[in-house]
Amino acid sequence: MSEAKGIGVLAICGSLRTGSYNRAALRTAIELKPPGMTIETADIGSIPLYNEDVLARGFPAPVETLRRQIAAADALLFVTPEYNYSMPGVLKNAIDWASRPPDQPFAGKPVAMMGASPGMGGTVRAQYDLRRSCVFLDMHPLNKPEVFIGAAQTKFDAAGRFTDEAGRGFIRDLMVALEQWTRQIGRK
Ligand SMILES: Cc1cc2nc3c(=O)[nH]c(=O)nc-3n(C[C@H](O)[C@H](O)[C@H](O)COP(=O)(O)O)c2cc1C
């Protein structure tokens with residue numbers, strides 16, 4: 001009997017700051033992922049602002065890299081803050097660049113998402129906007145579990161470790177569900 005192949009996930013985080021709760025939540029997902037799953041983190045910090053005139057000269061190198069990483073991934077994990085009730089511009093900008101034809105690489109990809117914020121909503125509005133973009137780009141966002149980490153300032157210690165046991169369980173469940181979803185829709 002052959003062993004099932006591991007799922008390769010590309011994680012895209014919408015916060016660039018070093019002490020980010022969302023980057024810390026992503027580290028938690030890497031810590032709690034199921035055996036065999038690998039998670040690579042995209043670097044979207046050097047992507048320029050979207051400009052069709054720039055695109056006319058070709059995709060900038062960091063966009064090429066991101067598009068290649070997305071195309072190669074079995075599944076995607078978005079980890080997003082909420083800015084003004086939506087996803088941050090840096091994340092939307094990265095999605096906008098990567099989504100341009102030809103061969104937009106998001107199509108068909110299974111997607112999980114989560115987010116953290118000091119507010120009580122824990123990025124619920126940002127994630128629902130992100131889901132809308134996923135739909136337009138023909139991704140397959142996982143419905144549940146939804147992972148909204150509210151009151152984040154009370155749930156991460158000084159070293160950036162996510163200490164909330166219930167929340168850690170949700171992240172673990174999310175990564176297991178992403179693995180099952182990726183196999184269910186035949187991407188692995
Ligand atoms: C421009 C801006 C807008 C924000 N808007 C929201 C918001 O709509 N909802 C929310 O819960 N937090 C909001 N915040 C607070 C962020 O959730 C907080 O800065 C959070 O720490 C960002 O995520 P990070 O820790 O991963 O960088 C906003 C922050 C900024 C800088």
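Here we summarise the structure given alongside this text. Within every chain, residues take consecutive numbers counted from 1 along the sequence as written. Totals for whole chains, interfaces and linings use every residue, but because this is a predicted model, local features are given only for residues with pLDDT of at least 70 and side-chain atom pairs only at 80 or more, for both listing and counting. Hydrogens are left out, water is left out, and the side-chain values use all remaining heavy atoms of the structure.

### Quick notes on the overall build of the protein
- The number of helices and strands found in the protein is six helices and six strands.
- Ordering the α and β elements of the protein from the N terminus gives β-α-β-α-α-β-α-β-α-β-β-α.
- Its C-alpha atoms give the protein principal-axis dimensions of roughly 50 × 50 × 25 Å.
- Throughout, exposure labels follow a simple rule: accessible area from a 1.4 Å probe, protein chains only, divided by the maximum for the residue type, with under 20% read as buried, over 50% as exposed, and the rest as partly exposed. Residues counted as buried form 50% of the 188 residues belonging to the protein.
- It only takes one pair of heavy atoms within 4.5 Å for two residues to be counted as in contact. Of the contacts made within the protein by residues no fewer than 6 positions apart, 79% connect residues no fewer than 24 positions apart.
- Only four residue types enter the tally: Lys and Arg on the positive side, Asp and Glu on the negative side, with His and both chain ends excluded. For charged residues, the charge sits on one atom: NZ in Lys, CZ in Arg, CG in Asp, CD in Glu. With 22 positive and 19 negative side-chain charges, the protein shows a spacing of 1 Å between the two charge centroids. The helix and strand labels rest on DSSP assignments: H or I over at least four residues marks a helix, E over at least two residues marks a strand, and numbering proceeds from the N terminus.

### Structural notes on the site of the ligand
- Taken together, the residues surrounding the ligand are Ser15, Arg17, Ser20, Tyr21, Asn22, Pro81, Glu82, Tyr83, Asn84, Tyr85, Ser117 and Pro118.
- In protein, a polar contact means a hydrogen-donor-capable atom and an acceptor-capable atom, both N or O and within 3.5 Å, with residues adjacent in sequence counting only if both atoms are side-chain atoms; elsewhere, any N or O pair within 3.5 Å suffices. At a separation of 2.6 Å, an oxygen atom of the ligand approaches a polar side-chain atom of Ser20.
- Here an oxygen atom of the ligand sits 2.9 Å away from a polar atom, N or O, in the side chain of Ser117.
- With the chains in place, 70% of the 620 Å² that the ligand exposes on its own is no longer accessible.
- Along the lines of polarity and charge, the residues of the shell around the ligand split into five nonpolar, five polar and two charged. To be near a molecule or strand, a residue needs just one of its heavy atoms within 4 Å of it. Computed with a 1.4 Å probe, the accessible areas rest on the Shrake-Rupley method; for each residue, only the protein chains presented here act as cover. Three classes are used, and their members are as follows: Ala, Val, Leu, Ile, Met, Phe, Trp, Tyr, Cys and Pro are nonpolar, Asp, Glu, Lys and Arg are charged, and the others, Gly among them, are polar.

### Description of the packing of helix H1 (residues 21-32) against helix H6 (residues 165-184)
- Working convention: axes come from line fits to C-alpha atoms, limited for helices to the stretch in contact. Angles between N-to-C directions cover 0 to 180 degrees. At a closest axis distance of 9 Å, the pairing of H1 and H6 adopts a crossing angle of 60 degrees. Crossing angle aside, the handedness with which H1 passes H6 is right-handed. Contact residues: Ala25, Thr28, Ala29, Glu31 and Leu32 in H1; Arg168, Ile171, Arg172 and Met175 in H6.
- For the contact of H1 with H6, the class distribution of residues is five nonpolar, one polar and three charged. Crossing handedness: left-handed means the near helix sits turned counterclockwise from the far one by under a right angle, and right-handed means the same turn made clockwise.

### A word on the pairing of strand E3 (residues 75-79)
- Judged by how many residues are buried, E3 sits mostly within the fold: five of five residues are covered.
- Alternating residues of E3 divide into Ala75, Leu77 and Val79 and Leu76 and Phe78, and every residue in both groups is buried.
- Examined bridge by bridge, strand E1 (residues 8-13) and E3 share five bridges and lie parallel to one another. Within E3, the residue paired with Leu10 across the bridge is Leu76.
- Here E3 pairs with strand E4 (residues 110-116) via four bridges, running parallel. Bridge pairing in E4 links Phe78 to Met113.
- One crossover worth recording links E3 to the parallel E4 by way of helix H4 (residues 89-98), and it is right-handed. Only strands that DSSP links by at least two bridges are regarded as paired with each other. A crossover counts as right-handed when, viewed with the strands pointing away from the observer, the path leading from the first strand over the helix to the second turns clockwise.

Nothing here speaks to function; it is all geometry.
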